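# Chains, contacts and geometry: an overview
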Amino acid sequence: MAVTLYGIKNCDTIKKARKWLADAGVDYRFHDHRADGLDPAQLDGWLAQLGWEALLNSRGTSFRALPEEAKQGLDTAKARALLLEHPAMIKRPLLDLDGELHLGFKADQYQSLFPR
């Protein structure tokens, strides 16, 4: 089973997810968008599977700090450009479990994905 957790290391929700995975003994790889970069082709796959509305964290500080015109008229192309320029705007954590994507962290959701 291939497990990759995507996000940024200083995010509190990422810390909770990483702790849960470690405590559960799940072997996973952590990919930090800031340190490791964001592959445009991979982002395209995420957008196709999840949609930009789910992937773009419009409640985070990075998005709220954008000028108003950058937030207007969002569509897939505009959201893609924003996410490539500001990967911290990707909702986190993004868990890739053998190609199946899961956004956000809730302990009961992870428990159902990784039964002990």
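Residues numbered from 1 in each chain as written. Predicted model: local features only at pLDDT ≥ 70, side-chain atom pairs only at ≥ 80, totals over all residues. Heavy atoms only, no water.

So the rule is basically this: UniProt positions are given in the numbering used here, feature names are shortened, and annotations may be inferred rather than shown by experiment.
Looking at an unreviewed UniProt entry, one finds the chain named ArsC family reductase and attributed to Aeromonas bivalvium. Here is the UniProt Sequence similarities (unreviewed entry) comment for the chain, exactly as written: "Belongs to the ArsC family."

## Examining the overall build of the chain
Stated formally: Secondary structure is summarised from DSSP: a helix means a run of H or I of at least four residues, a strand means a run of E of at least two, and numbering begins at the N terminus for each. Radius of gyration means the value over C-alpha atoms here, while the globule rule gives 2.2 Å times the residue count to the 0.38 power. Think of it in three bands: with a 1.4 Å probe and only protein chains considered, a residue is buried below 20% of the maximum accessible area for its type, exposed above 50%, and partly exposed in between. Two residues form a contact once any of their heavy atoms are found within 4.5 Å. Areas reported as accessible are Shrake-Rupley estimates using a 1.4 Å probe. Residue values count occlusion only from the protein chains shown.
Looking only at helices and strands, the chain features 8 helices and 4 strands. For the chain, the sequential pattern of α-helices and β-strands runs β-α-β-α-α-α-α-α-α-β-β-α. In summary, the chain has a C-alpha radius of gyration of 14 Å against a globular reference of 13 Å for 116 residues, a match within 12%. Expressed as a percentage of its 116 residues, the buried residues of the chain come to 42%. Long-range contacts, defined here as pairs at least 24 residues apart, represent 60% of the contacts in the chain between residues at least 6 apart. Accessible surface computed for the chain: about 6500 Å², of which carbon and sulfur atoms make up 49%.

## With respect to helix 1 (residues 12–23)
Which entries qualify depends on this criterion: To estimate how far a helix should extend, the number of its residues minus one is multiplied by 1.5 Å. The arc in question is the one spanned by the directions pointing from the helix axis to the C-beta atoms.
Between its first and last C-alpha, helix 1 extends 16 Å over 12 residues, near the 16 Å set by a 1.5 Å rise per residue. Listed as buried for helix 1 are I14, A17, W20 and L21. On an axial view of helix 1, the arc spanned by its buried residues comes to 125°, and they lie on one face. Among the exposed residues of helix 1, those pointing more than 90 degrees away from its buried face are D12, K16, K19, A22 and D23. On its buried face, helix 1 is in contact with strand 1 (3–7), strand 2 (29–32) and helix 8 (107–113). Looking one or two residues beyond helix 1, the residue adopting positive phi is G25, at roughly 75°.

## Examining the pattern of salt bridges
Filter applied, for reference: The rule for a salt bridge is simple: a side-chain nitrogen of Lys or Arg has to be within 4 Å of a carboxyl oxygen of Asp or Glu.
Across all of its chains, the model carries 3 salt bridges by this definition. Across the pair D23 and K19 runs a salt bridge whose closest N-O atoms are separated by 2.6 Å. Of this pair, D23 and K19 both sit in helix 1, 4 residues apart, which is roughly one turn of the helix. Residue classification places D23 among the exposed residues on the basis of a relative accessible area of 51%.

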